[in-house]
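Residue-level listing of the chains:
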Amino acid sequence: MCGIVGAVAKRDVLGILLEGLKRLEYRGYDSAGVALIHDGKIERSRTVGKVNTLVEALKKAPISGSTGVAHTRWATHGEPSVKNAHPHMSTVGDIAIVHNGIIENFAELKEKLIKKGISFSSQTDTEVIVHLLADSWDHKAGFVDNVKKVLSKLKGAYGLCVIHKDYPDQMVAVRSGSPIVIGYGIGENFISSDTLSLLPVTNRFSYLDEGDIALVGLDNVVAYDQSGQETTLVIEELDSVKDAASKGRFKHYMQKEIFEQPEVIENTFSSGIFEDGDHRSVLVERFGANAKALFSEVEHVRIVACGTSYHAGMVAKFWIEKYAGISVDVEIASEIRYREAVIPKKSLFVTVSQSGETADTLAALRQAKKKRYLSTLAICNVANSSLVREADLSFITEAGIEMGVASTKAFTTQLTAFILLTLSLAKSQNQLTKEKESELLKTLQEAPKLVKKVLSLDKEIERLSMDFVEKHHALFLGRGVQYPVALEGALKLKEISYIHAEAYPAGELKHGPLALVDRDMPIIAVAPNDMLLEKLESNLQEVQARGGELYVFVDHAVSENLNIAAKHSFVIEAVPELIAPIVFTIPLQLFSYHVAVQKGTDVDQPRNLAKSVTVE
Ligand code: G6P
C-alpha cells in the first residue's frame, strides 16, 4: 500500500510532489523518494523513514525538474532501505518508475533478466518492471506502446507511473488493481493514488478504470482501456472539499477524528431518515434505487471485511438478527476468499470498508459477484472507491477523510449505517411496525448527543491512561453485542500503544484466560444496561477473586447496582440498548489514544501498519 504522486508542468514540481507525499503517508511511511527530469537526465533522491526525512535530505542536496514522480513506501518485498525505496531506475538511468501493489511473478521475471546480464540493485518486485521496460524499449514505438508491451508480462496488482528522459513533458500511468487518479491543472497535469494528495493544486479529477493506461501531458490526457481502445475520462469537480490534511486545534489526527464523531454520525444517518412531523421512517433507497425489492427477498446476510470494519460487521450481526430476524454470518475477507463457503439461499453479500480499496475485501467481493448471491452491497467511506463501483448496492458513510491509521470515526459511522441497514431489511420484510421504526430511529438520533457526553470524560480517561504506561498486557471484556466493542478496544490499544491486548466474551474467561489474571493484568470491561449485565457481573467477580485490577465503563442506569469494587469505574450517561455499541466505543478509543500519547508512540502512523492495505 504505497502512495504514488506524479506531475508534468512548466514549473519546478518538487514542492508539489513532496506535499503530495506528505498527504499520502497514511498509505505507508517506511521510506520515500522522488525522481525528476532535469536537463535531459533523471535525478533522484531517496531516504528511509518518513517524508520529512526526504524533505531534509533535499534541503542539503536539492534537485529540481518540471516532470517527476514520487513515492512513499510500505515494504512488502525487501526491508525499508534506501536501495529498496522507489522510484526505481533503469541501469542507464533513462527510465524511472513508482509502483503500488505486488508483482506476483517477479521472481521468475527477475531470473530471466539476470540471465540476460541485467543486475539488480534492490530486493523489490518493482525493479523488474523498470528493467523489463529498458530491456524491450523500442525508440521507434511510442511511450504508451513501450509500457503496454511490458504490462502483458506482469501478473499481480499494480498502480504504476513511468517517466522517461526522452519524454520530458509526459508520464504514463496504469491502473491494474490499485487506484490511480488524474488531476487536471492549467497547462499542467498530475497523477496520484488518491485525490487528497492533489487538493493543493487542483479539484478536477478523473479515475482510471481497471486496466486503463493513460498518457499524461501538459495540456492533454489520453487514456486507453483494457482492450487498447481510446476511452473518454469523465472529469469530476470536487466542490469545497474540507481539507482533512489539517489537524486544527488537535495534537493528532486520531484525536481530531475521535472528537468529530458526533457530527459525522449525524451526517451519516440524516440522509437515511425521513421525518414527517413526529414520525420517522428509514429511506431504504439510500442503499440503491432497487434496494427495497431486493431486501424483501433476503433470507441470509453474509458480511465480509477486515480489521475494524470486520468488528463493525460483528456488531451488525446482533442487530440484523434481532430486529430483522435474518440470520447473519460475518467473515474475515482474507479467510473466506480461500474457503469453499456454502452460500445460503438468497444471501445478501455485504462488504464493509473505510477505504473501499482493501485488497482482500475487494477480492472477496469480486469472487462473490461470480457466485450465486442474491446481490452485493458495499458500506464504504469513499464514494469513488473500487468497492463502491463494483458492488450492486452501496451506502456511503459520511465520516469524511480519515487520516489516523487507527480507525475511529469510520467505525462508528459504519455502525450507524448498519442500524439503517437493519431497519431497511426489517421494513422491507414487514418485520417492523411503523411505531417501532420511528422509535428506533429516534433512538439513533440521540447518538450524537450521547457521544458528546462521553467525549467530555476525556480528562478523566487521560488520568486513567497513566496507569497503563508500564503495562505490557491488557484484557478487554464484553458480552453479547459488546464483545465486538471489546475486540475493537483491544485492537485500538495494540495498534497505537503496542501493548499486547486481547478481548474475550466475558463468559469465556473461565475456559482459559482466567489463568492469566493476576495483579499485573489490568482488565477493562464494558458494562451497558442490558440483559447480560448480571452475567457480566459474575464474570467480573471471578476476576476480582483472583486479584485482577478492574477498570469498568458502566451505564449510569445500573452503576449503583453493579456489585464489584472496580479500581476505576467510569459512569457513562444512560444509553439506550440500540446505540450502546456506538457510545461504549468512544471511551475505549479515548483510552487507547491517551495511553499511546503517554507512551510517546507515533499515534497517527504506528509502526509496521498502513491505513489502506491494498496488498493481499
Ligand atoms: C488497515 C487499517 C485498519 C482497517 C483495515 C481495513 O488494517 O489500518 O484501520 O480497519 O485496514 O480497512 P478498510 O479500509 O477496508 O476498512
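Predicted model, so just to flag it, every value in this text is computed and none were measured. (Residues numbered from 1 in each chain as written. Predicted model: local features only at pLDDT ≥ 70, side-chain atom pairs only at ≥ 80, totals over all residues. Heavy atoms only, no water.)

Undergrad: Go over a positive patch on the surface with me, naming the residues and quoting the values.
TA: Together, Lys112, Lys149, Lys153 and Lys155 give the surface a local cluster of positive charge. Its location among the elements puts Lys155 in the loop between helix H5 (143-151) and strand E7 (156-164). (Patch = residues over 30% accessible without salt bridge, like charges linked within 9 Å, V, L, I, M, F, W, Y side chains within 5 Å. Areas by Shrake-Rupley, 256 points an atom, 1.4 Å probe, with all protein chains shown as cover. Salt bridge = Lys/Arg side-chain N within 4 Å of Asp/Glu carboxyl O. Lys, Arg positive; Asp, Glu negative; His and termini not counted. Charge placed at Lys NZ, Arg CZ, Asp CG, Glu CD. Helix = DSSP H or I, 4+ residues; strand = E, 2+ residues; numbered from the N terminus.)

Undergrad: Tell me about the pattern of salt bridges, and name the residues and values.
TA: Following the criterion strictly, the structure yields 28 salt bridges and no others. Note that Asp329 is salt-bridged to Arg302, the shortest N-O span being 2.8 Å. Taken together, the positions of Asp329 in strand E19 (residues 327-332) and Arg302 in strand E18 (residues 300-305) put the pair 27 residues apart, joining distant regions of the chain. Taking the relative accessible area as the measure of exposure, Arg302 reaches 3% and is therefore buried. (Buried < 20%, exposed > 50% of the residue type's maximum accessible area, 1.4 Å probe, protein only.)

Undergrad: Would you mind going over the layout of surface pockets in detail, with residue names and values included?
TA: Space inside the largest pocket adds up to approximately 1,000 Å³. As for the largest pocket, its lining consists of 42 residues, and the residues nearest its centre are Asn381, Val382, Gly400, Ile401 and Glu402. Taken together, the residues that form the lining of the largest pocket break down as 16 nonpolar, 12 polar and 14 charged. Estimates place the volume of the second largest pocket at around 630 Å³. Considering the residues around the second largest pocket, the lining is formed by 28 residues, among which Cys306, Gly307, Thr308, Lys611 and Val613 are closest to the centre. Residue assignment for the lining of the second largest pocket shows that the elements contributing at least two residues are helix H9 (307-324), strand E20 (347-353), helix H11 (359-370) and helix H17 (482-497). No other element matches H9, which puts 4 residues into the lining of the second largest pocket. In the lining of the second largest pocket, the residues fall into 12 nonpolar, 10 polar and 6 charged. (1 Å grid on protein atoms, 1.4 Å probe; cavity = no way out; pocket = protein on both sides within 12 Å on 5 of 7 lines; lining within 4 Å. Points joined across faces, edges and corners; volume = space filled by probe spheres on them. Nonpolar A, V, L, I, M, F, W, Y, C, P; charged D, E, K, R; others polar.)

Undergrad: Can you break down the side chain of Thr601 residue by residue, with the values?
TA: Summarising the element assignment, Thr601 is placed in the segment after helix H20 (580-599). Judged by relative accessible area, which is 16%, Thr601 ranks as buried. Once residues within four sequence positions are removed from consideration, Thr601 is found in contact with Ile496, Ser497, Tyr498 and Ala596. (Contact = heavy atoms within 4.5 Å.)

Undergrad: So what about the nonpolar core? Which residues, and what values?
TA: One recurring pattern in soluble globular proteins is that nonpolar side chains are buried together. Ranked by internal contacts, the top residues of the largest apolar core, which has 91 residues, are Phe295, Ile303, Ile320, Phe418, Phe476 and Phe553. Of the residues forming this core, the biggest block, 11 residues, is contributed by H20. Residue contacts for Phe553: discarding those within four places in its chain leaves Ile461, Leu464, Ile524, Ala525, Val526, Ala527, Phe570, Ile572, Phe584, Pro587 and Leu588. Residues Ile95, Ile118, Leu132 and Val144 belong to the second largest nonpolar core, which totals 30 residues. (Core = buried A, V, L, I, M, F, W, Y, C linked by side-chain atoms within 4.5 Å.)

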